[in-house]
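# Architecture and fold: a report
Each chain is listed here by its residues.
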Amino acid sequence: MAERFSGSSVEESPEPQPSTSRTRYKATNMAFEEMVETVSILRREDYDGKKGPYTRPNMRKDKIMSSIVTTLEAKFGTKRSKEQLKKRWSDIKSREPEQYWRIKKLLKKREKRLRQQSKDPRTPPSHQPEAEDSPRPRPPDELEEGEVEEVCELSTPPSELLVVEGQAAEPFSTDSA
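Residues numbered from 1 in each chain as written. Predicted model: local features only at pLDDT ≥ 70, side-chain atom pairs only at ≥ 80, totals over all residues. Heavy atoms only, no water.

## Quick word on the overall build of the chain
A tally of regular secondary structure across the chain gives four helices and two strands. Buried residues in the chain amount to 17% of all 177 residues. Looking at the chain as shown, the accessible area adds up to about 15,600 Å², and 50% of this sits on carbon and sulfur atoms. (Helix = DSSP H or I, 4+ residues; strand = E, 2+ residues; numbered from the N terminus. Buried < 20%, exposed > 50% of the residue type's maximum accessible area, 1.4 Å probe, protein only. Areas by Shrake-Rupley, 256 points an atom, 1.4 Å probe, with all protein chains shown as cover.)

## Some details on the confidence of the model for the chain
In the predicted model, the chain carries a mean pLDDT of 75, and the fraction of residues at 70 or more is 52%. When mean pLDDT is taken per element in the chain, helix 2 (residues 57–76) scores highest with 93 and strand 2 (residues 161–163) scores lowest with 59. (pLDDT = per-residue confidence, 0-100.)

## Observations concerning the nonpolar core
In terms of nonpolar packing, the biggest core is built from 18 residues, with Val39, Leu42, Ile68 and Leu85 touching the most fellow members. The contact partners of Leu42, leaving out residues within four places of it in the chain, are Tyr47, Ile64, Met65, Ile68 and Trp89. (Core = buried A, V, L, I, M, F, W, Y, C linked by side-chain atoms within 4.5 Å. Contact = heavy atoms within 4.5 Å.)

## Considerations on the pattern of salt bridges
The final tally for this structure, using the stated rule, is eight salt bridges. Residue Lys87 is joined to Asp91 by a salt bridge in which the shortest nitrogen-to-oxygen separation is 2.9 Å. Placement of both Lys87 and Asp91 in helix 3 (residues 82–94) is noted, with a separation of four residues, approximately one turn of the helix. Judged by relative accessible area, which is 12%, Asp91 ranks as buried. Taken together, the shared-partner salt bridges in this structure form one network comprising Lys87, Asp91 and Arg95. (Salt bridge = Lys/Arg side-chain N within 4 Å of Asp/Glu carboxyl O.)

## Examining the layout of surface pockets
What the second largest pocket holds in volume is close to 210 Å³. Together, Ser40, Arg43, Arg44, Leu107, Lys108, Arg110, Glu111 and Leu114 line the second largest pocket. If you list the elements that add at least two residues to the lining of the second largest pocket, you get helix 1 (32–44) and helix 4 (97–119). In terms of residue count, the dominant contributor to the lining of the second largest pocket is helix 4 (five residues). By residue class, the composition of the lining of the second largest pocket is two nonpolar, one polar and five charged. (1 Å grid on protein atoms, 1.4 Å probe; cavity = no way out; pocket = protein on both sides within 12 Å on 5 of 7 lines; lining within 4 Å. Points joined across faces, edges and corners; volume = space filled by probe spheres on them. Nonpolar A, V, L, I, M, F, W, Y, C, P; charged D, E, K, R; others polar.)

## Section: the environment of Trp89
The topology assignment puts Trp89 in helix 3. Distance in space between the C-alpha atoms of Trp89 and Tyr100 is 9.4 Å, their sequence separation being 11 residues. Beyond its immediate stretch of four places on either side in the chain, Trp89 contacts Val39, Leu42, Tyr47, Asp48 and Tyr100.

## Some remarks on the packing of helix 2 against helix 3
Where helix 2 contacts helix 3, the two axes come as close as 9 Å, and the packing angle between them is 100°. Taken together, the axis directions place helix 2 and helix 3 in an arrangement best described as roughly perpendicular. In this structure, helix 2 uses Asp62, Met65, Ser66, Ile68, Val69 and Leu72 to contact helix 3, whose residues at the interface are Lys82, Leu85 and Lys86. Looking at side-chain class alone, the contact of helix 2 with helix 3 contains five nonpolar, one polar and three charged residues. (Axes fitted to C-alpha atoms, helices over the stretch in contact; angles between N-to-C directions. Parallel < 35°, antiparallel > 145°, perpendicular 65-115°, else oblique.)

## Let's talk about unusual backbone geometry
Residue Asp46 is not a glycine yet carries a positive backbone phi of 55°. By secondary structure assignment, the location of Asp46 is in the loop between helix 1 and helix 2. Phi at Arg56 is positive, roughly 55°, even though this residue is not glycine.

## Considering the packing of aromatic side chains
By the definition in use, this model includes one aromatic pair. An angle of 80° between the planes, with centres 5.7 Å apart, marks the rings of Trp89 and Tyr100 as edge-to-face. Residue Trp89 is located in helix 3, and its partner Tyr100 is located in helix 4; the two are separated by 11 residues in the primary sequence. When the ring centre of Tyr54 is taken as origin, the NZ or CZ atom of Arg60, which lies over that ring, is 3.7 Å away. The ring of Tyr47 is capped by Lys61, whose NZ or CZ atom sits 5.0 Å from the centre of that ring. (Phe/Tyr/Trp six-rings, centres within 6.5 Å; stacked < 30°, edge-to-face > 60°. Lys NZ or Arg CZ within 6 Å of the ring centre and 35° of its normal.)

Structure (structure tokens):
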């Protein structure tokens, strides 16, 4: 005995209201960059307590997880709960040793690079000007009258330009009107 209801005789139930006590977050896959950032913070803050006993370890861990939640939201725009992050950390360590190994290897490379940069006060090679075929600036006495030569190619402010003219050039106005 199947009953048939017409669309008008069935009352629609109101939408279920989410609980205000807890916000639910959609469990989505975590990007590799997010995992690297999470593991970096957890290792730096000694989440597992390998560097010694701590007073109130649960409060300390909760504080670390809160900082990870805010960091991930700021850097990647993803909101994750502390419980999700704790579960992910546990899974990475116990169920995904290859993934954890890759993350640790990447973090070691970062640390090594940062140590080398802090020891070497010189500018990294990627920021040094290239010596290939870049025209050298000519001395002011070789410039034609009214010719302008840039001293620097990277976003040169007007104060860095050499102007060679017979008469004094009008100064640049710094007033903003």
